[in-house]
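Examining the three-dimensional arrangement
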Amino acid sequence: GLIVWNDAETGLTQAVMDATWITAKRTGAATAVAAKYLARKDSEVVGILACGVQGFSNVEALAGLFPLKRVKAFDLIPDAAAAYADKVRRELGLDVDVVASPEAAVRRSDIVVAAGPLLKNPSSVIENDWFGPGAFASPVDYDSYWKGEVLRNVDKFCTDDVRQMMFTRTLGYFREIPEKVLDLGDVVAGKSPGREREEERTMAMNLGLALDDMAVAPLVYRRAVELGLGINLPL
């Protein structure tokens with residue numbers, strides 16, 4: 001994908017940017033924003049299910065807000081998990097355990113990020129008793145990994161756009177989400193409560209908003225100009 005940033009007053013193109021990198025970073029950042037309000041402040045252990053781009057960008061963003069010490073990484077492809085572990089150790093300086101099952105990644109993790117493929121009819125594996133008291137989860141892959149019992153029993157369930165979630169539900173996703181869904185914007189603005197008790201189990205199932213890309217792109221552009229990066233093209 002590409003992001004074409006145009007001047008709001010003149011309509012002239014300011015920059016053409018790669019959307020893939022920006023989307024990866026802003027998705028991790030959205031998880032971190034949700035975790036800021038819904039996770040325990042002393043969260044140290046992150047469980048990662050699926051060790052791809054989002055598996056890394058989410059931990060990268062979370063490491064900027066929480067005193068992370070350890071990552072438990074699971075992937076169906078052992079080589080992918082091993083490469084991921086090396087990257088996290090090298091670039092983020094965190095301890096990483098490559099684990100053999102989703103259960104091992106979820107149990108006793110303060111924060112859980114599931115970042116597999118989006119599936120309308122998934123073979124969900126995460127059981128209710130794996131997700132412990134006080135934990136926070138960010139399912140980047142919608143509800144693909146999580147059994148309905150887990151979703152229905154969390155103390156607070158949040159998303160970045162409630163109306164988008166309800167529409168997507170009509171397409172066959174989110175069949176077993178709770179009746180009460182909080183809007184992340186309302187939580188950040190103080191209109192809805194974030195974490196209120198240490199033992200609460202919380203979840204932010206963000207769908208992803210184009211607005212996030214629009215907010216990040218100008219920051220990337222200005223930083224590139226400061227560093228003298230990019231190629232100037234004649235219009």
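Remember, it's a predicted structure, so these values are computed and weren't measured experimentally.

Before going further, it helps to examine the overall build of the protein chain. Helix and strand counts for the protein chain stand at eight helices and 10 strands. Put simply, the protein chain has 235 residues, and 47% of those count as buried. Contacts in the protein chain between residues at least 24 apart in sequence constitute 73% of all its contacts with a sequence separation of at least 6. Carbon and sulfur atoms make up 54% of the accessible area of the protein chain, which amounts to about 12300 Å² in all.

In this structure, Asp141 sits in the loop between β7 (136-139) and α5 (148-153). For Asp141, which is buried and forms no salt bridge, the nearest opposite charge comes from Arg26, at a distance of 14 Å. Not counting residues within four places of it along the chain, the set of residues in contact with Asp141 comprises Ala114, Ala115, Gly116, Pro117 and Leu118.

Attention now moves to helix α3 (residues 78-92). The α-helix advances 3.6 residues per turn, and as a result positions three or four apart in sequence lie on the same side. Along its 15 residues, α3 runs 21 Å from first to last C-alpha, staying within 8% of the 21 Å computed at 1.5 Å per residue. Residues of α3 that are buried sit in contact with β3 (45-49), α2 (53-63), β4 (70-74) and β5 (95-98). The first or second residue beyond α3 is Gly93, which carries a positive phi of 70°.

This part takes up the pattern of salt bridges. Applying the stated criterion across every chain, the model contains 20 salt bridges. Here Glu200 makes a salt bridge to Lys156, at a shortest N to O gap of 2.5 Å. Of the two residues, Glu200 is situated in the loop between α7 (184-189) and β10 (202-204) and Lys156 in strand β8 (residues 156-159); the sequence distance between them amounts to 44 residues. The buried category is assigned to Lys156, whose relative accessible area is 7%. The shortest N-O distance in the salt bridge between Arg197 and Glu199 comes to 3.1 Å. The class for Glu199 is partly exposed, based on a relative accessible area of 44%.

The subject of this paragraph is the pairing of strand β6 (residues 111-114). Neither face of β6 is open: one carries Ile111 and Val113, the other Val112 and Ala114, and all of them are buried. Where β3 meets β6, four bridges bridge the pair, whose relative direction is parallel. If you follow Ile48 over to β6, its bridge partner there is Val113. Pairing analysis gives four bridges linking β6 to β7, with the strands arranged parallel. Bridging from a neighbouring strand, Ile111 pairs with Phe136 of β7.

If you want to describe how two helices pack, look at the angle between their axes and the distance between the axes. The geometry of helix α1 (residues 19-38) relative to α2 is characterised by a closest axis approach of 8 Å and an angle of 50° between their N-to-C directions. The pairing of α1 with α2 is recorded here as oblique in orientation. For α1 against α2, the interelement crossing comes out right-handed. Facing α1, whose interface residues are Thr23, Ala24, Lys25, Thr27, Gly28, Ala29, Thr31, Ala32 and Ala35, α2 presents Val53, Gln54, Ser57, Asn58, Glu60, Ala61 and Leu62. Across the contact of α1 with α2, the residue classes tally to seven nonpolar, seven polar and two charged.

Counting 32 residues, the largest nonpolar core has Ile48, Val59, Leu62, Val71, Tyr84, Ile111 and Phe136 as the members making the most contacts within it. Breaking this core down by element, the ones donating at least two residues are α1, β3, α2, β4, α3, β6 and α7. Every residue in contact with Leu62, bar those within four places of it in the chain, is listed here: Thr31, Ala32, Ala35, Val46, Leu68, Ile111 and Val113. Leu49, Val99, Phe157 and Leu207 belong to the second-largest nonpolar core, a separate cluster that totals 27 residues.

Below, the discussion takes up the packing of aromatic side chains. A full pass over the atoms with the stated rule returns five aromatic pairs. With 4.8 Å between their ring centres and 75° between their planes, Trp5 and Tyr221 make a pair best called edge-to-face. One end of the pair, Trp5, is in strand β1 (residues 2-6); the other, Tyr221, is in helix α8 (residues 210-227), with 216 residues separating them in the sequence. Residue class for Trp5 comes out partly exposed when judged on its relative accessible area of 21%. Ring centres of Phe131 and Trp146 lie 5.4 Å apart, and the angle between their planes is 80°; on these two criteria the pair is classed as edge-to-face. Here Phe131 is found in the loop between β6 and β7, whereas its partner Trp146 is found in the loop between β7 and α5, with 15 residues between them in sequence.

How each quantity is defined
Residues numbered from 1 in each chain as written. Predicted model: local features only at pLDDT ≥ 70, side-chain atom pairs only at ≥ 80, totals over all residues. Heavy atoms only, no water. Helix = DSSP H or I, 4+ residues; strand = E, 2+ residues; numbered from the N terminus. Buried < 20%, exposed > 50% of the residue type's maximum accessible area, 1.4 Å probe, protein only. Contact = heavy atoms within 4.5 Å. Areas by Shrake-Rupley, 256 points an atom, 1.4 Å probe, with all protein chains shown as cover. Lys, Arg positive; Asp, Glu negative; His and termini not counted. Salt bridge = Lys/Arg side-chain N within 4 Å of Asp/Glu carboxyl O. Expected span 1.5 Å × (residues − 1). Pairing = 2+ DSSP bridges. Axes fitted to C-alpha atoms, helices over the stretch in contact; angles between N-to-C directions. Parallel < 35°, antiparallel > 145°, perpendicular 65-115°, else oblique. Left-handed = near helix turned anticlockwise from the far one by under 90°. Nonpolar A, V, L, I, M, F, W, Y, C, P; charged D, E, K, R; others polar. Core = buried A, V, L, I, M, F, W, Y, C linked by side-chain atoms within 4.5 Å. Phe/Tyr/Trp six-rings, centres within 6.5 Å; stacked < 30°, edge-to-face > 60°.

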